[in-house]
Amino acid sequence: MIKTIRSGLWTCSRCLRQASRTRHQKRWLSSAPGAAQLDASHVPVDHTSSDLKHDDSLLRQIFDSPPTFKDFARPFSKVGARENVGLFRNKYLTSPQGFLIFANVTINRAQKLVHKVLNASTLEDYKALVRDLDRLSDLLCRVLDVSDFVRVTHPDEKIQAAASQAWSLVYQYMNQLNTATGLSDQLGKALANPEVMASWSEEEQTVANLLQQDFMKSAIHLPKGSRDRFVDLSQRISELGSHFVQDMQPEQRFLDFPSSKFYGMNPQMARRYIRGGVIHLPTMSPEATVALRTVHDEDTRKAIYYATRTASGRSINILEAMLKSRAELANLSGFESYGQMALHDKMMAKTPESVHQFLLALSKHNAPLVEEEVAALLREKGSKQQGTATDLQPWDRDYYMESIRSSMRSRRRTADFLAAYFSLGTVMQGLSRLFTRLYGIRFIPRDTLPGETWHPDVRRLDVVSDTDGHVAVLYCDLFYRVDKAPNPAHFTVRCSREISESEIQEAAERNAAGIEGSPQFESPIDAANDGMHVSQKSGSVKQLPTIALVCDFEEKQGRDGPALLDYYQMETLFHEMGHAIHSILARTSLQNVSGTRCATDFAELPSTLMEHFCADPTVLGLFARHHLTDEPLPYEMVVDKLHVARRFEASDRENQIILAMLDQQYHSSLPNQDKFDSTEIYLDIQRKFGKLPSDPRGTRWQGFFGHLFGYGSTYYSYLFDQVLSRRVWQVVFSAGQNGAALDRANGERLKENLLKWGGSRDPWRCLSDALQDEHLINGDEKAMRLVGSWVVKDDFHD
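Nothing here was measured: the structure is a model prediction, and the numbers come from that model.

**What to know about the pattern of salt bridges**
Step number 1: Inspection of the entire model under this criterion finds 52 salt bridges.
Step number 2: Measuring nitrogen to oxygen at the nearest pair gives 3.0 Å for the salt bridge that ties glutamate 506 to arginine 135. Here glutamate 506, found in helix H20 (residues 501–513), pairs with arginine 135, found in helix H6 (residues 129–153); they are 371 residues apart in sequence, far enough to count as distant.
Step number 3: We classify arginine 135 as buried; its relative accessible area is 9%.
Step number 4: A salt bridge links aspartate 769 to arginine 765; the shortest N-O distance between them is 3.8 Å. With aspartate 769 and arginine 765 both in helix H32 (residues 763–771) and four residues apart, this pair spans about one turn of that helix.
Step number 5: Overlapping salt bridges bring together Arg109, Arg135, Asp138, Arg142, Arg494, Arg497, Glu503, Glu506 and Asp530 as one network.

Structure (structure tokens):
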């Protein structure tokens, strides 16, 4: 099926949990794990540039010094004074109308390519077929990916609207292709020909198999009646999922308490809801969450807990209807369950049973750690009640966790002024230095031309390799704006792909013909990539990966001061840059497998791994210094911070394991049963696998589990990548010991065995090679069970 194999908007589950609305709170899941085994009293500090041949001071200044950036950047407003080069230097995208021209030109080019594929008949035609189909996918992605980005990011409503129109035109054309069997039939003939298969590279064979699997899941080979039902069900699932996420509500929307019942909570937080001595508390408000952690009165916490854990009956009905429709869709497509359908071709796990084995092993090895944490909570409860506590209620958990953490904060050796050491410019500088040490690439600020970016705040960085020259373009839109989406995200605007000589010749002919409305290009190569950047190293022409990194950091120090990041914002930037480095290093010849277009449960590994690096003292020594005094960061501040944040990591992990198990059960064959009860399934999993107190009867929290729509049967993947990234950190980078986090040999080991392949090689082989562990090579249930056993207790517990 010709489509965007991975969405241009790469917003991972961790990124969504790190939305700006939580910028003053601890992350839901574990904090940076990299510092777990480090001695804060022996910290190597290195503030020199990682390569003395390259001065990176400007990189820091364009983010930290508004006057410097203003002087560096050409006036954004004077677009009319010089030629508008187009958004991302795509010469079609100089105006709203340009998006529609781009879409129509693309469809015309795609139609000619489809005609070529459908009329393939010779051996040479079939040998070229996989690259033709990949090129067809790339043509459509060129419009879909940039339009998807623009319609959610660009501040100009006219350009947003034009991008949406362009997206709809190309998406509609793509769906037309997906309802015909011709392309699938031709691919099947190519795959069945031994001579064709023998001529294809590993990358070409991978792409061919991916496309064939997509065709199989698209229902185009079903009888017309079944195909129509498939389309109807797909539409119904989309509508139900949207309603489920957007309209979720608690059964009880408000709670009333005498204000005296809220003793222990910061009165400033509750004041806005007090009228006549009564607190009228919205059930789903942040204040309700805080109340569960701080209010002393147990009955009040109990009432709030019940309300915040009980979704409305309507939400439950919508959820169960969506799950039943997914089960029917899977059965219609020949699968036993929706989980089987979703996992079999795009995930490392491959089968629901493999996921089950991973989660069982993870739960087994995590359980003793949770028991230790529960014992600590019972001791805390006993000390508060001046006796011995024998039971822990569900509404006790957050309260006594916060009590222990509060005590830990009061014993901190230093105050938490970490943000003073993390100006945005120094963090970007540090990332460049880290990547230079590990991979031989660095960030170089580049002036933008008129029309190239979508806002004056956007900085452009060219990614330059010591050996390969210019390898990627990175646009950084990192500052908060009112009209900007709050979630940090990595967008792949254009993927890596090799451009053939025949494409360049076609582009030359089109350019010479001067098609009405189309721009004129400086050269055939320029025309072949719409004016965007290419690489001409090693005798081939490749599209350069073009990436947009979007965050919402506040410029806290006024007009002329730097933006200071708290620890979790710094961690977010490292995480998102992990996605970017994957796109940068995996410059494949075919776009279907470039960068992050790989197994979904593999794609989070590079980004999650970066969370270990940002907690390593030698990495922090590259850049972390006070923005005013230039003093190095006292590492004990980081240790104290993470000590508190990770105190109940095992309990947090247990919650995620249970939710991943729930996701698997909901997408099994169970929804086909007449007596399917989503509430009973959830409560049963909690009772069987939880060491913490389970929800009481009468609650139904699953109605708030919005990820069930977007991550149906794949919610386990973030836990999976957490475990994998920790293993890679420990094995490849020796957990940062003796400077291993900055060792070029370790970086090359990761790049050559894992990062550079994107999705073109079996991820289990990549992982096995990187870890030098042959037990993983088959990627079977045994391998999943082994990964689930890689749980260790971190050293941050008292």
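**What to know about the sheet that holds strand S2 (residues 254–258)**
Step number 1: Overall, antiparallel pairing links the three strands, which are arranged S2-S4-S3 in an open sheet. Two strands in the sheet have a free side with no partner beyond their single neighbour: S2 and strand S3 (274–275).
Step number 2: Taken together, the two bridges between S3 and strand S4 (residues 278–282) define a ladder with antiparallel strand orientation. Looking at the pairing, arginine 275 lines up with valine 278 of S4.
Step number 3: Contacting S2 and S4, helix H14 (residues 298–308) crosses the sheet at an angle of about 175 degrees to S2.

**Side note on the sheet that holds strand S11 (residues 541–543)**
Step number 1: Strand order in this open sheet of three strands is S9-S11-S10, and the pairing throughout is antiparallel. At either margin of the open sheet sits one strand with a lone partner, and together these are strand S9 (497–499) and strand S10 (534–535).
Step number 2: By the bridge criterion, two bridges tie S10 to S11 in an arrangement that is antiparallel. Within S11, the position partnered with serine 535 by the bridge is lysine 542.
Step number 3: Across the face of the sheet, H6 comes into contact with S9 and S11 while running at roughly 105 degrees to S9.
Step number 4: Most of the contacts of H20 go to S9, to which it runs at about 60 degrees, and overall it touches S9 and S11.

Criteria and thresholds
- Residues numbered from 1 in each chain as written.
- Predicted model: local features only at pLDDT ≥ 70, side-chain atom pairs only at ≥ 80, totals over all residues.
- Heavy atoms only, no water.
- Salt bridge = Lys/Arg side-chain N within 4 Å of Asp/Glu carboxyl O.
- Helix = DSSP H or I, 4+ residues; strand = E, 2+ residues; numbered from the N terminus.
- Buried < 20%, exposed > 50% of the residue type's maximum accessible area, 1.4 Å probe, protein only.
- Pairing = 2+ DSSP bridges.
- Contact = heavy atoms within 4.5 Å.
- Axes fitted to C-alpha atoms, helices over the stretch in contact; angles between N-to-C directions.

Keep in mind that these numbers describe shape and distance, not what the molecule does.
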